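Spelled out, the chains give:
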Amino acid sequence: MGIRFNEVSYGYSSFAQGLYTAIKDINLEITEKNEFIALVGHTGSGKSTLAKHMNALIFPTSGTLEIFGRTITNKRNKKIKYNDIRKKVGLVFQFPEYQLFEETVEKDIMFGPMNFKITKEEAKKLAKQSLNLVGLDDSYLQRNPYNLSGGEKKRVSIAGILAMDPDILVLDEPTSGLDPAGKRILMDLFKNINETTGKTIVIITHDMDLVYQYFNRVLVMNDGHLVFDGKTDALFQKEDLIDYHLDYPNTIKVLKYLNQELNLNMNVFQKTNSEALAEIKRAVKL
Amino acid sequence: MSYIEIKNLTFSYNEKTNVLEDVNLEINKGEWIAVLGHNGSGKSTLAKTLVGLLEPQKGEISIDGLIMNDEFAYEIRKKIGIVFQNPDNQFVGVTVRDDIAFGMENLCVPREEMLEKISFYAEKVNMLKFLDSEPANLSGGQKQRVAIAGILAMQSDIIIFDEATSMLDPFSREELIKYIKTLHQDGLTIIMITHDINEALLADRILVMNKGKVYAFEDTEEIMKKKSIFTDSHLELPVSLDLANALTETQEYKEIREKLWEYALMK
Amino acid sequence: MKSIIIGQYIPGKGLFYRLDPRTKIIAVLLIMISVFLLETIEQLLIGLATAIVLLLIGKISILKVIKGLKPIMILLIFTFIFQIILNREGEALVSQQMYFTVYTLLFLILAFIVWRILAKLIRYRFTLFFLFAAGVFLILSYVDFGANIANPFTFNIYRAGLEMSFFVVVRLLIIITLSTVLTLTTKPTDLTQGLEKLMHPMKKIGFDSESFALIISISLRYIPTIFDEANKIMLAQASRGADFSEGKLKDKLRQVISLLVPMFIIAFMRSEELANAMESRNFVPGEKRTRINELYFSHGDIIATIFSFLILALAIVLKVI
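Residues numbered from 1 in each chain as written. Chains lettered and ligands numbered in written order. Predicted model: local features only at pLDDT ≥ 70, side-chain atom pairs only at ≥ 80, totals over all residues.

Asker: Pulling in residues and values, what's your account of the overall build of chain C?
Answerer: Looking only at helices and strands, chain C features 11 helices and 2 strands. The linear arrangement of helices and strands in chain C, starting from the amino end, is α-α-α-α-β-α-α-β-α-α-α-α-α. Considered along the principal axes of its C-alpha atoms, chain C spans approximately 85 × 65 × 35 Å. Evaluated residue by residue, chain C yields a buried proportion of 21% over its 321 residues. Counted over contacts in chain C with a minimum sequence separation of 6, partners at least 24 positions apart contribute 86%. (Helix = DSSP H or I, 4+ residues; strand = E, 2+ residues; numbered from the N terminus. Buried ≥ 20, exposed ≤ 12 C-beta atoms within 10 Å, placed from the backbone. Contact = placed C-beta atoms within 7 Å.)

See below:
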């Protein structure tokens, strides 16, 4: 089950560019349990387009997509209730302003579950649970979403999708605009959800440090193609990452610089600052 | 007298809490100042008082000898411009040309002069080919460059960037920073409010705001050596400086520390 | 969106593209007034012919304009039928005995079903509709057997009714054609500036035409942005189960609110930010400003304006005679 892309392409004609293919010949399999995947790529590489296919918000122009047993093609199939797919695969967009609309945080989080026929009482419970899960206490429930800070709005928008209890969670840049502490809180939260409930989580991000520290599997999009699908360590061991318009994590870059300038031979593949520090000390002792 | 002087500046939106409290600052002509601080520390408010969008309850701002008040606001705004965070919400014109012209139109610049300046400053920010383009067809980074051109066309020599890169993708961010560097080389005074520590490292001096007060205002290198400033402001040092600060100041680590600092200030 | 020719500017070359927007606005106004002054069918037909000739001069595709009229076809047909049925003056040009029996009803239902089925298969909607209308006419006229549900009646079309409906429809056609030509050949910003300059005298009665024009041009500039945002909001809410195509009425209301509230809030935030940006660039409402875009009159404009005045003069003369 899960999500499987078979030779999926998506194109559209726009006034400015004529026929434009956003993603080309994508073959990809995401199982519905336990996966923790980073989706990276330059702006315009097709990451968002790929994500929007995962909960059937858009349909492929060619190729087929299987989501939890349902086959999605470029034609709308009247037998399939596409809305059900949105319950199983939850997609959180980057800007909470496009999603928040209710008078209170509680009502806004309840919107999702209630669209899927959950009762009001049950939805209230889910709202409280998801809110606490993203690190906000009950005092937020009756507040107006638009009076919150950027980081708080982000968390409320994530809670809104968590409350729907999707099997697969896809998030578009959930940590952008947050301060370093906020980023860690959220990433630890997602890791925790993944490890305790077994839900598959796919996160689109530009932050290579987070990719290196939290993810085992990474998908790289480049000019609409899926050019890498494999282990994070293997990705950063490549010499030619610039061909993918990607940068290396900061620890690797700094250690490479030191090696180059001081003629050292340190193992640059350190994920955290403390690991890098230990490696430097080890190298100096020699 | 410094180019920009802020004395005892206090500002609040309601009567209760002060968003800015007794701020005293002096900024010299041609300096690049980075402004760091947690959300709500008063950075944006400070920027808005500098261009006269907000009127402080107490204190005084003077720019190039002119005091910011109703009488001189118009004159001062010719000297200082501000690029905001959302590229879309500051683009007034229907085309790039119209937008760059907007400020000059307000200053009643004659049409022929406007046309000259538009070509000149559009070229400077590499948007000459896009003069007839509409904002809907431009990227965030391009729109920010148009905003810069519009400010330069008003002959401003102080530009405030209020988190102008935070809504841009990494590539556009880098590009915009390159333009800002050339502006600084041309002698402009740059005040850059940012969350990005790497951007802050480019500055001559760093101002750290905390709860409406000036927490620290020193040379970049000095600030980077004080880890406490960063943790107090919910900020993180770049990896290279975190490592440099963690290595003891003994001889064995001297070369490495130097190289780490070199790396940090290199960008 | 592409088939909506009414109101949309399409870049091109030709006489009308080169005229000053002020000329075009004045010309359209004068010609519209003239059209309302005409009284006889012949005059109106000449008016329609003139409009077509103008299209040809301006090298504007008549086919495109006709296609652009499609959305309001229904309005035109409705107006036509309305006038015919209600207006009972003059001699009856058409007098038809009509019946309404059980079989009439049966045949009508059959015709309706056939029409709907064919409508799904064949694309010529209007032709089909006319065939259906003709069929209804024939059924009502000739199916006279069977038990009466209603008494037989006479369906009359009177001369005045026909004339009136003709007048209304042709006038509408001319006006819409003229407006279409105006918006087709004039950039929205030029149109705004033209209006602004023409409304300048209204400053004396306190109407700030410049600010008004600025409001319009800023709104125009944000139209693509707003469309884009609406799309993004719909996708975000669709991700939460708000399927904008399915759902009961109560659900639909909630869905619409989930789209409108964010749009309004984003719009408010935008206006504040934009106002700050404008003020920081020394914009003061009401103060004098120079302009980067200027409008210039040329020979063509003078000729066009004279021509429009002539048409008006002619219409007045015809009315008085």
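Asker: Kindly report on the nonpolar core, identifying the contributing residues and their values.
Answerer: Counting 166 residues, the largest nonpolar core has I33, A149 and I159 of chain B as the members making the most contacts within it. Looking at which element gives the most residues to this core, the answer is helix α5 (residues 140–153) of chain B, with 7 residues. Not counting chain neighbours up to four residues away, the residues in contact with A149 of chain B comprise I100, Y121, A122, K124, V125 and M127 of chain B. The next biggest cluster of nonpolar side chains, apart from the first, holds 9 residues, and it includes A27, I31, I174 and A315 of chain C. (Core = buried A, V, L, I, M, F, W, Y, C linked by C-beta atoms within 7 Å.)

Asker: Give a detailed account of the packing of helix α3 (residues 96–106) of chain B against helix α4 (residues 111–124) of chain B, specifying residues and quantitative values.
Answerer: Residues and elements named next belong to chain B. Interhelical geometry of α3 versus α4 gives an angle of 115° and a closest axis separation of 10 Å. As α3 runs across α4, the sense of the crossing is right-handed. The segment α3 lies against α4, with V96, R97, I100, A101 and M104 engaging M114, K117, I118, Y121 and A122. Grouping the constituent residues of the contact of α3 with α4 by class yields 8 nonpolar, no polar and 2 charged. (Axes fitted to C-alpha atoms, helices over the stretch in contact; angles between N-to-C directions. Left-handed = near helix turned anticlockwise from the far one by under 90°. Nonpolar A, V, L, I, M, F, W, Y, C, P; charged D, E, K, R; others polar.)

Asker: Can you lay out the domain arrangement of chain A for me, pointing to particular residues and giving the numbers?
Answerer: Residue and element names in this part refer to chain A. The domain boundaries assigned to chain A delineate domain 1 (32–56 + 86–241) and domain 2 (249–286). Summarising the inter-unit geometry, the C-alpha centres of domain 1 and domain 2 are found 32 Å apart. Elements with a contribution of two residues or more to the side of domain 1 that touches domain 2: α7 (208–214) and α8 (232–237). Looking at the side of domain 1 that touches domain 2 residue by residue, the class counts come to 3 nonpolar, 1 polar and 2 charged. (Domains from an automatic or database assignment.)

Asker: Lay out the interface of chain B and chain C with the relevant residues and their values.
Answerer: At the interface, 30 residues of chain B touch 24 residues of chain C. Secondary-structure elements contributing two or more residues to the side of chain B that touches chain C are α2 (73–79), β6 (80–83), α3 and α4 of chain B. Sort the elements by how many residues they give to the side of chain B that touches chain C and α3 of chain B lands first, with 7 residues. Counted by class, the side of chain B that touches chain C contains 17 nonpolar, 7 polar and 6 charged residues.

Asker: Lay out the packing of helix α2 (residues 21–37) of chain C against helix α11 (residues 299–320) of chain C in plain terms, naming residues and giving numbers.
Answerer: All names here are of chain C. Running from N to C, α2 and α11 cross one another at 15°; their axes reach a closest spacing of 9 Å. What the angle tells us is that α2 and α11 run roughly parallel. Crossing of α2 against α11: the hand is left-handed. Contacts from T23, I26, A27, L30, I31, I33, S34 and L37 of α2 reach α11 at D301, A304, T305, S308, F309, I311, L312, A315, I316 and K319. Of the residues in the contact of α2 with α11, the class split is 12 nonpolar, 4 polar and 2 charged. (Parallel < 35°, antiparallel > 145°, perpendicular 65-115°, else oblique.)

Asker: Before we move on, can you summarise helix α3 (residues 105–115) of chain A with the specific residues and values?
Answerer: The buried fraction of α3 of chain A is high, at 10 of 11 residues. Among all positions in α3 of chain A, only V105, E106, D108, I109, M110, F111, G112, P113, M114 and N115 of chain A are buried.

Asker: So what about the sheet that holds strand β7 (residues 168–172) of chain A? Which residues, and what values?
Answerer: Residue and element names in this part refer to chain A. An order of β6-β7-β8-β3-β9-β10 is seen for the 6 strands of this open sheet, with the pairing classed as mixed. Two strands close off the open sheet at either side, each with one partner strand: β6 (89–92) and β10 (225–231). When the angles between neighbouring strand axes are averaged without regard to direction, this sheet yields 15°. Here strand β3 (residues 36–41) pairs with strand β9 (residues 217–222) via 5 bridges, running parallel. Residue G41 lies in a different strand from β9, and its bridge partner there is M221. Against the sheet, helix α5 (residues 150–162) contacts β6 and β7, and its axis sits at roughly 170° relative to β6. Across the sheet, helix α6 (residues 180–197) touches β3 and β8 (200–204), and the angle it forms with β8 is around 155°. (Pairing = 2+ DSSP bridges.)

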